[in-house]
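Structural overview for review
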Amino acid sequence: MNWRTGKIVLILAVLAAGLGAARGELALIYRNAVTLCLSCLGLTP
Amino acid sequence: MKVPGRRRGAEVTKRRTLWQWVSLVAANLYALPVLKHLPYPFLHCYACPLAIGACPVGTVQYFLALGRVPLFTLGALGAIGAWWGRRTCGWLCPFGFLQELGHRLGRRLHLPVLRVSNRHAWTRWAVAAVLVVALPVALHEPWFCKLCPAGTLEGGIPWLAIDPGLRQMVGVLFGIKVAILLGLLAAVLVVKRPFCRFACPIGLFYGLTNRFSHQHLQVGPRCTGCGWCRDLCPMDHEVWRDPRSSQCILCLECTRCRHVRLAQHGTETGTPSAPGHPLTGPFRPGEHEAPGPSRTVR
């Protein structure tokens, strides 16, 4: 594999990130991140 | 006598340590909670009271538990990996930095360095497959977080210190988490970055991109395989065997040896992308090589 593969992966990754953002994933990430996750205490969130 | 290799290495270590401190502080600026819409490019618990971003592993588990594909998180990490490979592990990750500090403390205490082969790095696949993918999909719970030592250190312990009410809720699993953390903290004294090498799912993901990333290491044809780069490497990686290995975190410590350098697309033939730059320039066959203090002669 070489940088040509890397470029294809880079483009696909940027497209995936853009698609994810368009689907509203940033709001889901925020909701999950600001909720106190009790998993760090070994409990069910 | 001038020893360019040693001087260059000291510059890299100093610059990298500065980046790691800046990243540690920046990742914990609670004044910017708006950034919790975005995942960190490294492992850092979002339950940490000071965290400003989201942990990518926790986010992936959350999405899988919901039955969704985390396109944004995987895309963002993939784009970072395609350009920099695993460099964020070596320059930005606070948990990796903590392990390095622990190992430096072990060296100060004159503890022996325990060489654990990277052949056992398959354990990362097991951790990722079982704890990050299979169990969250099957049980709808983030099982990696339930055992993660970074979460215990950055989220669990601080929250127990802040909120006494939570102390009555913890049970056996938290004891197991603390035991894992203490075991890891003991291990870092004698083993180089054990969590990064044998458990970290983000390192595994970035490691896959090392094969084709824009930035990568290159070993010169005159390398004798003396093993000095392995002594310098915080991942205990034998750079000369596979400079694009998934274990390379592009910390550039090994560029202290004149046979190793950072290459970027367009510099593979030896044309420097930044003329005169000590790290991206061509190989210098005439330059004196500075032997390290613990250099292994084979």
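The present account deals with the structure reproduced in this document. As the structure is a prediction and not an experimental result, all values here were calculated from the model.

**Considerations on the overall build of chain A**
Looking only at helices and strands, chain A has 2 helices and 0 strands in total. Counting across all 45 residues of chain A, residues that qualify as buried make up 42%. Carbon and sulfur atoms make up 68% of the accessible area of chain A, which amounts to about 2500 Å² in all.

**Some words on the pairing of strand 2 (residues 260-264) of chain B**
Residues and elements named next belong to chain B. Most of strand 2 is tucked away: 5 of the 5 residues are buried. The side-chain alternation of strand 2 yields two buried faces, one formed by Val260, Leu262 and Gln264 and the other by Arg261 and Ala263. Both strand 1 (residues 215-219) and strand 2 contribute to a ladder of 5 bridges, which runs antiparallel. For Val219, the partnering residue across the bridge sits in strand 2 and is Val260.

**Focus on the packing of helix 2 (residues 25-34) of chain A against helix 3 (residues 71-84) of chain B**
Contact pair helix 2 of chain A / helix 3 of chain B: the axes reach a minimum separation of 9 Å and the direction vectors enclose 95°. Considering the angle they form, helix 2 of chain A stands roughly perpendicular to helix 3 of chain B. Judged by residue contacts, Glu25(A), Leu26(A) and Ile29(A) of helix 2 of chain A engage Leu71(B), Phe72(B) and Thr73(B) from helix 3 of chain B. Taken together, the residues of the contact of helix 2 of chain A with helix 3 of chain B break down into 4 nonpolar, 1 polar and 1 charged.

**A short note on a nonpolar patch on the surface**
Residue and element names in this part refer to chain B. On the surface, Leu98, Leu153, Ile157, Leu182 and Leu185 cluster together into a nonpolar patch covering about 370 Å² of accessible area. Sorting the residues of the nonpolar patch by element identifies helix 8 (149-162) and helix 10 (172-187) as the ones contributing at least two each. Considering the arrangement of structural elements, one finds Ile157 in helix 8. On the accessibility criterion, Ile157 (37% relative accessible area) is partly exposed.

**Concerning the interface of chain B and chain A**
One frequently used descriptor of interface size is the decrease in accessible area upon assembly of the parts. Chain B puts 46 residues into the contact, and the matching count from chain A is 35 residues. A buried area of about 3400 Å², summed over both sides, lies between chain B and chain A, and 71% of it is on carbon and sulfur atoms. Of all residues in chain B, the largest losses of buried area upon contact with chain A belong to Leu71(B), Phe72(B) and Phe212(B), amounting jointly to 19% of the total for that side. Viewed at the interface, chain A and chain B are joined by 0 salt bridges. For the pair chain B and chain A, the interface holds 5 residue pairs in polar contact (both at pLDDT 80 or more). Those elements that place two or more of their residues in the side of chain B that touches chain A are helix 2 (56-66), helix 3, helix 7 (143-147), helix 8 and helix 10 of chain B. Here the element with the most residues in the side of chain B that touches chain A is helix 3 of chain B; it accounts for 9 residues. Residues of the side of chain B that touches chain A, tallied by class, amount to 27 nonpolar, 13 polar and 6 charged.

**Observations regarding unusual backbone geometry**
Residues and elements named next belong to chain B. Positive phi outside glycine occurs at His110, with the angle close to 60°. Residue placement: His110 occurs in the loop between helix 5 (94-108) and helix 6 (123-139). Look at His110 and you get exposed, because its relative accessible area is 72%. A positive phi angle, close to 35°, is found at Arg193, a residue other than glycine. Among the secondary structure elements, Arg193 is positioned in the loop between helix 10 and helix 11 (194-198).

**Focus on helix 12 (residues 201-209) of chain B**
Residues spaced three or four apart along an α-helix face the same direction, because each turn holds 3.6 residues. Helix 12 of chain B sits mainly inside the fold: 7 of its 9 residues count as buried. Burial in helix 12 of chain B covers these residues: Pro201(B), Ile202(B), Gly203(B), Leu204(B), Tyr206(B), Gly207(B) and Thr209(B).

**Comments concerning the pattern of salt bridges**
All names here are of chain B. Going through the model one piece at a time under the given rule, you end up with 14 salt bridges over all chains. Across the salt bridge formed by Asp236 and Lys192, the nearest N and O atoms sit 3.7 Å from each other. You can see Asp236 sitting in the loop between helix 13 (228-232) and strand 2 and its partner Lys192 sitting in the loop between helix 10 and helix 11, a full 44 residues away along the chain. The exposure classification of Asp236 matches that of Lys192, with both residues buried. The partner of Glu238 in a salt bridge is Arg230, and the shortest N-O contact between them spans 3.4 Å. Overlapping salt bridges bring together Arg115, Lys192, Arg230, Asp231, Asp236, Glu238 and Arg241 as one network.

**Brief notes about the packing of aromatic side chains**
Residue and element names in this part refer to chain B. Tallying each qualifying case throughout the model produces 6 aromatic pairs over all chains. Between Tyr40 and Phe42, the ring centres sit 5.3 Å apart and the planes meet at 20°, which makes this aromatic pair stacked. With respect to burial, Tyr40 and Phe42 carry one shared label: buried. Across the ring face of Trp91, the terminal group of Arg87 is positioned such that the distance to the ring centre comes to 4.8 Å.

**So, helix 2 of chain B**
All names here are of chain B. Counted residue by residue, helix 2 has 10 buried out of 11 residues, so it is predominantly covered. For helix 2, the full list of buried residues reads Pro56, Val57, Gly58, Thr59, Val60, Gln61, Tyr62, Phe63, Leu64 and Ala65. At the C-terminal side of helix 2, Gly67 shows a positive phi close to 80°.

Conventions used here
Residues numbered from 1 in each chain as written. Chains lettered and ligands numbered in written order. Predicted model: local features only at pLDDT ≥ 70, side-chain atom pairs only at ≥ 80, totals over all residues. Heavy atoms only, no water. Helix = DSSP H or I, 4+ residues; strand = E, 2+ residues; numbered from the N terminus. Buried < 20%, exposed > 50% of the residue type's maximum accessible area, 1.4 Å probe, protein only. Areas by Shrake-Rupley, 256 points an atom, 1.4 Å probe, with all protein chains shown as cover. Pairing = 2+ DSSP bridges. Axes fitted to C-alpha atoms, helices over the stretch in contact; angles between N-to-C directions. Parallel < 35°, antiparallel > 145°, perpendicular 65-115°, else oblique. Contact = heavy atoms within 4.5 Å. Nonpolar A, V, L, I, M, F, W, Y, C, P; charged D, E, K, R; others polar. Patch = residues over 30% accessible without salt bridge, like charges linked within 9 Å, V, L, I, M, F, W, Y side chains within 5 Å. Salt bridge = Lys/Arg side-chain N within 4 Å of Asp/Glu carboxyl O. Buried area = accessible area lost by both parts, 1.4 Å probe. Polar contact = N/O pair within 3.5 Å; in protein donor to acceptor, adjacent residues only side chain to side chain. Phe/Tyr/Trp six-rings, centres within 6.5 Å; stacked < 30°, edge-to-face > 60°. Lys NZ or Arg CZ within 6 Å of the ring centre and 35° of its normal.

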